[in-house]
Amino acid sequence: MQDFVYQNAPMRVVFGTGTLRRLPDELSHLGATRALVLATPRQKDLVADIRQMIGERFAGVFTGAVMHTPVEVTERAMQTVRDVQADCLIAIGGGSTTGLGKAIALRTDLPQIVLPTSYAGSEMTPVVGQTSGGIKTTQSSPKILPEVVIYDVDLTVTMPPKLSATSGINAIAHAAEALYARDRNPLISLIAQESIRTLAQALPRICAQPSDGAARTDALYGAWLSGVCLGAVGMALHHKLCHALGGAFNLPHAETHTVILPHALAYNAPAAPDAMARIAAALGAQDPALGLQDLARKLAVPTSLREIGMPENGIDQAADLAVKNPYWNPRPVERDAIRELVARAWRGDAPETGRAVV
Ligand code: NAD
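Cut-offs and rules
Residues numbered from 1 in each chain as written. Predicted model: local features only at pLDDT ≥ 70, side-chain atom pairs only at ≥ 80, totals over all residues. Heavy atoms only, no water. Helix = DSSP H or I, 4+ residues; strand = E, 2+ residues; numbered from the N terminus. Rg over C-alpha atoms; globule rule 2.2 N^0.38 Å. Buried < 20%, exposed > 50% of the residue type's maximum accessible area, 1.4 Å probe, protein only. Areas by Shrake-Rupley, 256 points an atom, 1.4 Å probe, with all protein chains shown as cover. Lys, Arg positive; Asp, Glu negative; His and termini not counted. Charge placed at Lys NZ, Arg CZ, Asp CG, Glu CD. Near = heavy atom within 4 Å. Polar contact = N/O pair within 3.5 Å; in protein donor to acceptor, adjacent residues only side chain to side chain. Nonpolar A, V, L, I, M, F, W, Y, C, P; charged D, E, K, R; others polar. Domains from an automatic or database assignment. Contact = heavy atoms within 4.5 Å. Buried area = accessible area lost by both parts, 1.4 Å probe. Salt bridge = Lys/Arg side-chain N within 4 Å of Asp/Glu carboxyl O. Pairing = 2+ DSSP bridges. Axes fitted to C-alpha atoms, helices over the stretch in contact; angles between N-to-C directions. Expected span 1.5 Å × (residues − 1).

Enquirer: What exactly am I supposed to notice about the overall build of the protein here?
Expert: What the protein contains, in helices and strands, is 13 helices and 8 strands. Here the C-alpha radius of gyration of the protein, 20 Å, is about what a compact globule of 358 residues would show, namely 21 Å. Projected onto the principal axes, the alpha-carbon positions of the protein cover approximately 65 × 45 × 40 Å. Taking all 358 residues of the protein together, 55% fall into the buried category. Total accessible area on the protein is roughly 15,100 Å²; 51% of this is exposed by carbon and sulfur atoms. Averaging the coordinates of the 32 positive side-chain charges in the protein and doing the same for the 33 negative ones gives two points 1 Å apart.

Enquirer: I keep staring at the site of the ligand and nothing clicks. Help me out?
Expert: The ligand sits among 20 residues. The nearest are Gly95, Ser96, Thr117, Ser118 and Thr125. With respect to the ligand, the side chain of Thr117 contributes an N or O atom lying 2.7 Å from a nitrogen atom. Here Ser118 contributes a side-chain N or O atom positioned 2.6 Å from an oxygen atom of the ligand. Notes on the ligand: free accessible area 850 Å², of which the protein chains cover 81%. In the shell around the ligand, the residues fall into 7 nonpolar, 10 polar and 3 charged. Of the domains in this structure, domain 1 (12–156) and domain 2 (161–347) are the two that each give at least three residues to the shell around the ligand.

Enquirer: Just checking my understanding: could you explain the domain arrangement of the protein for this structure?
Expert: By a widespread convention, an interface's size corresponds to the accessible area lost as its parts come together. Assigned domains of the protein: these are domain 1 (12–156) and domain 2 (161–347). Taking the mean C-alpha position of each, domain 1 and domain 2 sit 26 Å from one another. Contacts between domain 1 and domain 2 engage 18 residues on the former and 24 residues on the latter. Taken over both partners, the interface formed by domain 1 and domain 2 buries close to 1,700 Å², and the fraction arising from carbon and sulfur atoms is 69%. Where domain 1 touches domain 2, the interface holds 0 salt bridges. Those elements giving two or more residues to the side of domain 1 that touches domain 2 turn out to be strand S1 (12–16), strand S7 (135–140) and strand S8 (148–152). Looking at the side of domain 1 that touches domain 2, its residues break down into 9 nonpolar, 7 polar and 2 charged.

Enquirer: Where do I start with unusual backbone geometry in this structure?
Expert: If a residue is not glycine, its phi is most likely negative; likewise, a peptide bond is most likely trans. Of note in this structure, Asn250 is not a glycine but carries a positive phi near 50°. You can see Asn250 is positioned in the loop between helix H8 (237–249) and helix H9 (253–268). Among the residues examined, Asn250 registers a relative accessible area of 61% and is labelled exposed.

Enquirer: For this particular structure, what's the right way to read the sheet that holds strand S5 (residues 112–116)?
Expert: Picture the strands of a sheet paired through backbone hydrogen bonds; they go either parallel or antiparallel. Reading across the sheet, the 6 strands line up as S1-S8-S5-S4-S2-S3 and stay open at both edges, with parallel pairing between neighbours. Since the sheet does not close on itself, it has two edges, and those belong to S1 and strand S3 (58–62), each with one partner. Across this sheet, the average inter-strand angle for adjacent strands is 15°, counted without regard to direction. Two elements, strand S4 (residues 88–93) and S5, share 5 bridges in a ladder whose sense is parallel. Looking at the pairing, Ala91 lines up with Val114 of S5. Its contacts with the sheet place helix H1 (residues 23–30) against S1, strand S2 (35–38), S4, S5 and S8, and it is angled at close to 155° to S5.

Enquirer: Honestly, the pattern of salt bridges in this entry has me stumped. Any pointers?
Expert: Any two side chains of opposite charge can pair, given that their charged atoms come close. Per the counting criterion, the structure on display carries 11 salt bridges. Measuring nitrogen to oxygen at the nearest pair gives 3.1 Å for the salt bridge that ties Glu194 to Arg197. With Glu194 and Arg197 both in helix H6 (residues 186–208), this residue pair falls 3 residues apart, about one helical turn.

Enquirer: Would you explain helix H4 (residues 95–108) in this entry?
Expert: A turn of α-helix holds 3.6 residues, and therefore any two residues three or four places apart point the same way. With 14 residues, H4 should cover 20 Å at 1.5 Å per step; its first-to-last C-alpha distance of 20 Å lies within 8% of that length. With respect to burial, H4 is a largely interior element, 10 of its 14 residues being buried. Among all positions in H4, only Thr97, Thr98, Gly99, Leu100, Gly101, Lys102, Ala103, Ile104, Ala105 and Leu106 are buried. Once H4 ends, the next one or two residues include Asp109, with phi positive near 60°.

Laid out in structure tokens, this is it:
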């Protein structure tokens with residue numbers, strides 16, 4: 001085992017079914033009296049429920065959260081923060097809404113209660129990615145880490161099967177890269193393996209029966225664990241490549257992760273055999289890369305960048321972007337090999353594992 005440093009994140013997690021009803025108590029716990037609710041228009045019924053539930057402590061609502069946290073949207077939300085004199089933020093939604101809450105917290109240090117409705121995992125990290133002039137940059141600060149996360153399984157059952165599948169594989173990606181992170185540690189590695197195992201078993205059950213409460217509970221549990229991994233250790237090639245592809249071609253976040261993950265794992269496999277063995281064991285597969293692509297096929301979600309809207313003539317640009325800013329990866333990031341990886345992912349080929357595909 002390599003030497004390690006481990007630091008616990010100072011946050012409170014409430015997990016279960018119907019836990020939205022714990023929101024008033026959590027507000028009291030924080031001593032908040034003027035909560036601003038952040039959401040998207042699709043959560044308007046939930047916002048009405050929250051308003052009813054917290055009564056006078058409902059200071060206002062901002063429903064303009066969008067993907068990639070554009071700074072113009074954050075500035076508009078900041079005006080609402082000032083207008084209603086908010087002393088707390090309640091973010092209910094997927095990673096985009098969580099991102100808006102984090103961007104406001106970065107500017108104000110207001111406490112945040114996050115109610116995730118997808119498996120993105122952003123709620124567990126002190127990082128926010130913000131977009132300005134078409135460029136997305138990430139920033140980390142203790143102010144960004146939410147104080148309270150309420151995981152309510154009921155909030156996730158409305159996710160359609162395909163979104164559940166890709167969002168779940170997006171979560172698996174956090175756990176998979178945590179297993180070979182440069183700053184990995186034994187506790188996070190255990191959590192990562194459990195996260196992959198739980199999600200890989202739950203997602204097919206959800207796709208077969210979207211209202212399966214036990215499967216939804218398992219998947220949200222796995223997603224929480226993957227968020228813990230993402231918040232605790234550094235990510236590598238897979239996350240950097242998805243970030244670059246999403247920014248350059250405006251590709252959907254969770255689908256991009258789903259397509260790239262098998263290829264990124266195949267790329268890193270020769271340099272991280274222990275991590276690969278643990279991912280394979282968690283998936284119940286012989287090979288982690290092939291096992292993940294098989295899972296995606298079984299869930300009937302896209303396995304090529306072509307299907308999710310990337311132009312073929314973007315392959316070279318993607319390879320250039322992937323090697324532009326150096327970052328740590330278990331295997332050196334070489335342009336020609338990355339170009340081949342992106343080309344395979346674009347076509348939807350099997351990952352280059354060095355094994356015959358049967
Ligand atoms: P999202 O919040 O944009 O949601 C994706 C889609 O799913 C949206 O159309 C949304 O309305 C819908 N949706 C969400 N929950 C639903 C539900 N319960 N029922 C029905 N529809 C639902 O995207 P996401 O995939 O949740 O998160 C991706 C964003 O989060 C990206 O911008 C990504 O960069 C960011 N992210 C940040 C971090 C971090 O640590 N900073 C980590 C992970 C993701």
